[in-house]
Amino acid sequence: QVQLVESGGGLAQPGGSLRLSCAGSGSIYRVYAMGWYRQAPGKQRELVATITRGGITNYADSVKGRFTISRDNAKNTVYLQMSSLEPEDTAVYYCNADIIMVSSSVPFTYWGQGTQVTVSS
């Protein structure tokens, strides 16, 4: 069984920084694209950033220049460095990954349970 576990969420002041981590574990054969999504109260879940296995990144316009996504393939881990945080960044952040399990030949999309990020004075 494959699991994704997020960490690093919490409370930050406007202009502050947080670094989120998401580690995959279990019978993983290969991890392809990984990403971060977020969902604020009363809003639909939205894409924040994605990164391919080769390191090609994509960001939502609202976070460009402020957030940086990265990954460590050896650790099956994806990170989200968040800087210049704004109250509008407040949301539950979820990581996801397209993964092929050792016992499978097809990929499946996995989701973490989410970590709360609150930006407030």
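In the block above lies the structure referred to throughout.
Residues numbered from 1 in each chain as written. Predicted model: local features only at pLDDT ≥ 70, side-chain atom pairs only at ≥ 80, totals over all residues. Heavy atoms only, no water.

**Let's talk about the overall build of the protein**
From N to C terminus, the protein includes zero helices and eleven strands. In terms of C-alpha radius of gyration, the protein reaches 14 Å, essentially the compact-globule figure of 14 Å for 121 residues. Projected onto its principal axes, the C-alpha positions of the protein cover 50 × 25 × 25 Å. Counting over 121 residues, the protein shows a buried share of 40%. (Helix = DSSP H or I, 4+ residues; strand = E, 2+ residues; numbered from the N terminus. Rg over C-alpha atoms; globule rule 2.2 N^0.38 Å. Buried < 20%, exposed > 50% of the residue type's maximum accessible area, 1.4 Å probe, protein only.)

**A closer look at the packing of aromatic side chains**
The final tally for this structure, using the stated rule, is two aromatic pairs. Seen from their ring centres, F108 and Y110 are 5.0 Å apart, and the 70° between their planes marks the pair as edge-to-face. When its relative accessible area of 52% is taken as the criterion, F108 is described as exposed. The class of Y110 is buried, set by a relative accessible area of 14%. Its end group placed over the ring of Y29, R30 keeps NZ or CZ at 5.6 Å from the ring centre. Here the basic side chain of R45 rests over the ring of W111, its NZ or CZ set 4.9 Å away from the ring centre. (Phe/Tyr/Trp six-rings, centres within 6.5 Å; stacked < 30°, edge-to-face > 60°. Lys NZ or Arg CZ within 6 Å of the ring centre and 35° of its normal.)

**Describing the sheet that holds strand β1 (residues 3-7)**
One open sheet accounts for four strands, arranged β1-β3-β8-β7; its pairing is antiparallel. Each of the sheet's edge strands pairs with one partner strand only, and the pair in question is β1 and β7 (67-72). Ignoring strand direction, the axes of neighbouring strands in this sheet form an average angle of 15°. With five bridges connecting them, β1 and strand β3 (residues 18-25) associate as antiparallel partners. When the sheet's bridge partners are listed, V5 is paired in β3 with A23. (Pairing = 2+ DSSP bridges. Axes fitted to C-alpha atoms, helices over the stretch in contact; angles between N-to-C directions.)

**Focus on unusual backbone geometry**
The residue N76 is not glycine, and still its phi comes out positive at about 50°. Mapped onto the secondary structure, N76 falls in the loop between β7 and β8 (77-82). With phi around 50°, S84 is a residue other than glycine that occupies positive phi space. Topologically, S84 is positioned in the loop between β8 and β9 (91-101).

**Section: the state of the cysteines**
Simply put, disulfide is the name for a covalent bond between the sulfur atoms of two cysteines. Scanning all chains against the criterion turns up one disulfide. With a sulfur-sulfur separation of 1.8 Å, C22 is cross-linked through a disulfide to C95. Disulfide C22-C95: torsion about the S-S bond near 40°, hence right-handed. On the criterion of sequence distance, the pair formed by C22 in strand β3 and C95 in strand β9 is long-range, its members being 73 residues apart. Each member of the pair, C22 as well as C95, carries the same accessibility label: buried. (Disulfide = S-S within 2.5 Å.)

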